[in-house]
Amino acid sequence: MKIAPPSEIKLTQILPSVPILLMGSGPVPVPKEVAAANSLVVSHLGETMKQIVSRLQIMAQYVFQTSSQKIFGIAGPSSAAMEMAVTSLLWPGKKVLVLNLGTFSARFSELAKGVGAEVTEIFPDGHNPIWALDVKRALEQNHYDVLTLVQGETSCGIKNIELEKIVRLAKTYGVKTIVDAVCTLSTMPLPMDEWEIDIVVVGGQKGLSAIPGFAMVAFSEETFEYVSKREALMPHWCLDPRRAHRFWSMGEYHYTAPVPGVLAMHEALRLICNETLEKRFERHLFCSTTLQKCLQVMGLELYTPEKFRLNSVLAIKNPNKVVTKDLIYYMIKQHGLEISGAFGLDIIRIGQMGEQCRLENIRRALVAVGAGYNHFGVHLNVEEAVSEFDLIAERHSALTLFAHLPL
Ligand SMILES: Cc1ncc(COP(=O)(O)O)c(C=O)c1O
């Protein structure tokens, strides 16, 4: 049977003429420089690519705050980066302690079980992060080869505020650490070398404001050497860091690199370097805390206590059990803006990562959330929240405008 070509299929039939503003848990909007780079294809091997990769790695060293040269890009999602990290350090007979805050922390357990490692999990007490004291207790009771944790658990908006303490503690017990910084890298401090983290994984589509489907893993030099010497076979060919090293450090063929993703990441990192991490952290903190304040003025309640609230993805209690799927659909249709629901929790989530952290985007999100809930019968103080926002934004722009003037 012959299959005829389908007729009249165009992207413009389904994509809106003005792009939806992505204010959910990722992917996030990308700067025009990233979008432009992502539309190019150059050869995946040769002198030009070698230079692109070398510059990308120098910029990545700054963003990860590591002098390690073992930073590899991956043609795949952040989960593939997690998989490269896990499968490099774990195989049958190895033991891993997984700090399980929710969906993404738990993914480490699934990955580790997949390669036959023995998995032990620590869960938080209620809406808390995992405390170093509980980790210490676990490390005293058993020997582990690896400990995994997320810096920010996107699924419930909780930040592991004792991360530094925990990774330092693991070091004293000779345990290697894998940190998921998928939604947090470049939005808040995570100095890999200073905190002595062994592996950090990140995806493109969140804090970095690059594209989905291109991730990165940074191995400390010592950890890469350890992996290089392992005798157990690597379960994955594409996700073998020793093979990735050939391309990322020597410009040799591993697999055909996702060229547009590499170029997009180059641009995303360049913009971060231009902005500087300090200023970027400040921008994220300011935008997220402004949004938090205005949401509360509006009458909404945040899911996570302030002390360990993840600023990168805000979890907000869903009042009156509104059907969040319908709320989100309404906001897309009426306001051209998308936020996220959740994995089983009665919350909505608003992202504050990369390009989402622009005052005009926050204002639009506030208005859309307020109008959305209003439509579904939850009456919030939208006007008051927006006035509060305008006041904060005005003061902020006056401050930035006059910051260079002497007192
Ligand atoms: C903290 C965290 N880790 C891992 C992932 C998985 O990312 P991906 O969907 O790119 O595999 C996500 C995605 O939302 C995340 O937020």
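Residues numbered from 1 in each chain as written. Predicted model: local features only at pLDDT ≥ 70, side-chain atom pairs only at ≥ 80, totals over all residues. Heavy atoms only, no water.

Running from N to C, helix α10 (residues 277-298) and helix α12 (residues 359-375) point in directions that differ by 20°, and their axes come no closer than 11 Å. In this view, α10 runs roughly parallel relative to α12, as classed from their interaxial angle. For the crossing formed where α10 meets α12, the hand is right-handed. From α10, F286, C287, L291, C294, L295 and M298 reach across to α12, where they touch L359, I362, L366 and G370. (Axes fitted to C-alpha atoms, helices over the stretch in contact; angles between N-to-C directions. Helix = DSSP H or I, 4+ residues; strand = E, 2+ residues; numbered from the N terminus. Parallel < 35°, antiparallel > 145°, perpendicular 65-115°, else oblique. Left-handed = near helix turned anticlockwise from the far one by under 90°. Contact = heavy atoms within 4.5 Å.)

Let us now look at the side chain of D198. Its place among the elements puts D198 in the loop between β8 (176-180) and β9 (199-203). Among the residues examined, D198 registers a relative accessible area of 2% and is labelled buried. Here the side chain of D198 touches T223 through a polar contact of 3.2 Å, side chain to side chain. (Buried < 20%, exposed > 50% of the residue type's maximum accessible area, 1.4 Å probe, protein only. Polar contact = N/O pair within 3.5 Å; in protein donor to acceptor, adjacent residues only side chain to side chain.)

Right, let's get into the packing of aromatic side chains. The description of an aromatic ring pair uses the distance of the two centres, along with the angle that the planes make with each other. Within this structure, the stated rule accounts for eight aromatic pairs. Pairing F72 with F224 gives two aromatic rings, centres 5.6 Å apart and planes at 65°, and the pair type is edge-to-face. Taken together, the residues span a long stretch of sequence, with F72 in strand β2 (residues 70-75) and F224 in helix α7 (residues 221-228) at a distance of 152 residues. Ring centres of F219 and F224 lie 6.2 Å apart, and the angle between their planes is 80°; this geometry places the pair in the edge-to-face category. (Phe/Tyr/Trp six-rings, centres within 6.5 Å; stacked < 30°, edge-to-face > 60°.)

Attention now moves to the pattern of salt bridges. Within this structure, the stated rule accounts for 21 salt bridges. One salt bridge in this structure joins K32 and E33, with 3.5 Å as the shortest N-O distance. Where R168 meets E164, a salt bridge forms, and the shortest distance between an N and an O atom there is 3.1 Å. Highlighted residues: R168 and E164, both in helix α6 (residues 163-172), separated by four residues, approximately one helical turn. A residue is classified by how much of its surface remains accessible, and E164, at 31% relative accessible area, is partly exposed. Residues joined by salt bridges that share partners form a network here, namely E164, R168 and E196. (Salt bridge = Lys/Arg side-chain N within 4 Å of Asp/Glu carboxyl O.)

What follows covers a nonpolar patch on the surface. Residues L11, I14 and L15 make up a contiguous nonpolar surface patch of about 350 Å² in total accessible area. On the secondary structure map, L15 appears in the segment before β1 (21-22). (Patch = residues over 30% accessible without salt bridge, like charges linked within 9 Å, V, L, I, M, F, W, Y side chains within 5 Å. Areas by Shrake-Rupley, 256 points an atom, 1.4 Å probe, with all protein chains shown as cover.)

All right, on to the environment of S43 then. Relative to the helices and strands, S43 is located in the loop between α1 (32-37) and α2 (47-64). Among the residues examined, S43 registers a relative accessible area of 48% and is labelled partly exposed. S43 sits 14 residues away from Q57 along the chain, and the two C-alpha atoms are 18 Å apart. Of note is the side chain of S43, whose polar atom sits 3.0 Å from the backbone oxygen of L45.

Turning to the site of the ligand, a few remarks are in order. All residues in the neighbourhood of the ligand are listed as P77, S78, S79, M82, F104, R107, G152, T154, D180, V182, Q205 and K206. Between Q205 and the ligand, the recorded distance is 2.8 Å, taken from a side-chain N or O atom to an oxygen atom. Here an oxygen atom of the ligand and a side-chain polar atom of K206 are 2.4 Å apart. Breaking the shell around the ligand down by element, the ones donating at least two residues are α3 (78-89) and α4 (103-114). (Near = heavy atom within 4 Å.)

So far we have only geometry, and geometry alone does not tell us how the molecule works.
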